[in-house]
Every structure is written in C-alpha cells, then in structure tokens.
Amino acid sequence: MSDDFVGIILGALGALDPWRDRLRLETDDLSTLMVGPPEILFPAMRDLFVAAAASGAHTTMHASISRGCPGEPDDPICTPVAGPPPEMDLPTRIATCRESVAAAPESTQSVAAQLSLYPLGIGHHMDEIYGCIAFLKSSGTFDRSKNFCTALRGDAGPVFETLNQAFTGFGSAAVHLALDVTVSANSPSDR
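The model shown is predicted, which means the values in this text are computed figures rather than measured ones.

Student: What exactly am I supposed to notice about the environment of Leu 16 here?
Tutor: Along the chain, Leu 16 turns up in the loop between α1 (5-12) and β1 (24-27). Spatially, the C-alpha atoms of Leu 16 and Ala 44 are 6.0 Å apart, while their sequence positions differ by 28 residues. Those residues within four positions of Leu 16 in sequence are excluded, and the remaining contacts are Leu 25, Met 34, Ala 44 and Leu 48.

Student: When you look at the sheet that holds strand β6 (residues 149-155) in this model, what are you seeing that I'm missing?
Tutor: Either a parallel or an antiparallel arrangement is found when strands of a sheet pair, and the pairing is made through backbone hydrogen bonds. Here we have five strands laid out as an open sheet, ordered β3-β7-β4-β6-β5, and antiparallel in their pairing. The open sheet has two edge strands, β3 (59-67) and β5 (142-146), and neither has a second partner. On average, adjacent strands in this sheet sit at an angle of 20° to one another, irrespective of strand direction. Running at roughly 170° to β3, helix α2 (residues 38-53) makes contact with β3, β4 (110-119) and β7 (177-185) of the sheet.

Student: Explain the nonpolar core to me, please; I cannot follow it from the model alone.
Tutor: Across soluble globular proteins, you tend to see nonpolar side chains buried next to one another. Membership of the largest hydrophobic core comes to 38 residues, with the highest contact counts inside it found for Ile 65 and Val 183. Among the elements of the structure, α2, β3, α3 (90-102), β4, α4 (125-138), α5 (156-169) and β7 are those that each provide at least two residues to this core. It is α2 that provides the largest number of residues to this core, a total of eight residues. Apart from the residues within four sequence positions on either side, Ile 65 is in contact with Leu 41, Phe 42, Met 45, Phe 167, Leu 177, Ala 178, Leu 179 and Val 181.

Student: Would you explain the state of the cysteines in this entry?
Tutor: The bond known as a disulfide is covalent and runs between the sulfur atoms of two cysteines. Scanning the entire structure with this criterion turns up zero disulfides. The cysteine Cys 132 is free of any disulfide, with Cys 97 supplying the nearest cysteine sulfur at 8.0 Å. Taking the relative accessible area as the measure of exposure, Cys 132 reaches 2% and is therefore buried.

Student: Teacher, can you tell me more about the packing of aromatic side chains here?
Tutor: The geometry of an aromatic ring pair is captured by the separation of the ring centres together with the interplanar angle, meaning the angle of the planes. This structure, assessed with the given rule, holds three aromatic pairs. Here Phe 135 and Phe 170 contribute two aromatic rings whose centre-to-centre distance is 5.9 Å and whose plane-to-plane angle is 25°, an arrangement assigned as stacked. On the criterion of sequence distance, the pair formed by Phe 135 in helix α4 and Phe 170 in the loop between α5 and β7 is long-range, its members being 35 residues apart. By relative accessible area, Phe 135 is classed as buried at 0%.

Student: Help me out: how do you make sense of the pattern of salt bridges in this one?
Tutor: Pairing is possible between side chains that carry opposite charge, provided their charged atoms lie close to one another. Considering all chains together, one arrives at seven salt bridges under this definition. For Asp 47, the salt bridge goes to Arg 46, with nearest N and O atoms at 2.9 Å. Look at Asp 47 and you get partly exposed, because its relative accessible area is 23%. The class for Arg 46 is buried, based on a relative accessible area of 16%. For Asp 143, the salt bridge identified is with Arg 153, shortest N-O distance 3.5 Å. Within this pair, whereas Asp 143 is found in strand β5, its partner Arg 153 is found in strand β6, the two being separated by 10 residues in sequence. Here the salt bridges do not stand alone but share partners, grouping Asp 143, Arg 144 and Arg 153 into one network.

About the cut-offs
Residues numbered from 1 in each chain as written. Predicted model: local features only at pLDDT ≥ 70, side-chain atom pairs only at ≥ 80, totals over all residues. Heavy atoms only, no water. Helix = DSSP H or I, 4+ residues; strand = E, 2+ residues; numbered from the N terminus. Contact = heavy atoms within 4.5 Å. Pairing = 2+ DSSP bridges. Axes fitted to C-alpha atoms, helices over the stretch in contact; angles between N-to-C directions. Core = buried A, V, L, I, M, F, W, Y, C linked by side-chain atoms within 4.5 Å. Buried < 20%, exposed > 50% of the residue type's maximum accessible area, 1.4 Å probe, protein only. Disulfide = S-S within 2.5 Å. Phe/Tyr/Trp six-rings, centres within 6.5 Å; stacked < 30°, edge-to-face > 60°. Salt bridge = Lys/Arg side-chain N within 4 Å of Asp/Glu carboxyl O.

Listed below in structure tokens is the structure:
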C-alpha cells in the first residue's frame, strides 16, 4: 500500500533466492503461483512477505493454498511431507502442530493473519475443522475467532508456521484441502 509498490515488490523478490530452485513460480497480470511442498512453500512465503513488510508500508498478502486438487496435474513437488501422520489421533496431532509452532524461528516482523480451512470430499469435514480450530486456539498465535475464519497475531515466524501446521496437520492426505489466508503488516487501522 505505497506509491512505490513496484519497488517494494521487486526489492522483496531476493528473499525467494534460497527457495527458488525448489519451487515452481509463475507470474502473470493477476497473481503469482508458487508450487512446492509445504516445508518449502510456507518459509518462502514468510520470507517474501517479511522482506516486503520491512519497507514499513502497509503490506498485505492473500493466498489460496491447495493440495490434492483433482483439476491440477499430479506433481511430486506438491506432495506434503511435513506435519503429523494422518493416522495420529486428534489430541496428538494438535500437540505435534503446537510444538512445531513453538520451535519456529522469530523474524522480528509483527503480522496479523486470518485463515479458513476447507477439507473437501470427506464425510466428517467438520471434525477436521474443529480440530484445526482447537489447534489454532492453543498455538500461541491465536488472536480471535471471526465469522468464517480465525485470526492470528504475532511474529511472522510462528504465524506462518501456524499456517503451515493448519495446512499439513488437518484434513485427510487423500482428499483435496484448501486454505484461504490473508496476512497484513504495518496496518494503519485500529484493531
């Protein structure tokens, strides 16, 4: 949210350098597609966002994150290897995800985020959503519940790790799962 938005965006792209060879990147006039496994994708998104937010300008990112989409080509780069095994019971999955957030490195960039998890094609999808909400509330980054989403707040490192764990820790690995995310930094708006 700056007159120099092009300079801020182009200046932040160097933050992707450590991840670039493990991601497929496609940019057009509407969006940028980043394809890769979650253990690469979420740190790359974090680093890119933090680099842009370091300008001090109000910075926002909206992302639709998906795995197992039946309309997409099967690409091994998209196979999640992070997160707890799906056969793990819910309380253990929540604890495992929470431990990953607690171990996340700090970035010194404060962010606010909101997310909605959509496990598609499973009969008991609400069990996975409620499990994810229970994890989010215990993650250390939980801010508040909102209509249709959950708000997070804190350092970008733990917040992006919370997003990663929500994406990889909930919903069956065999079905399509979508995560809708908005992240903001340096907002002039009052909470």
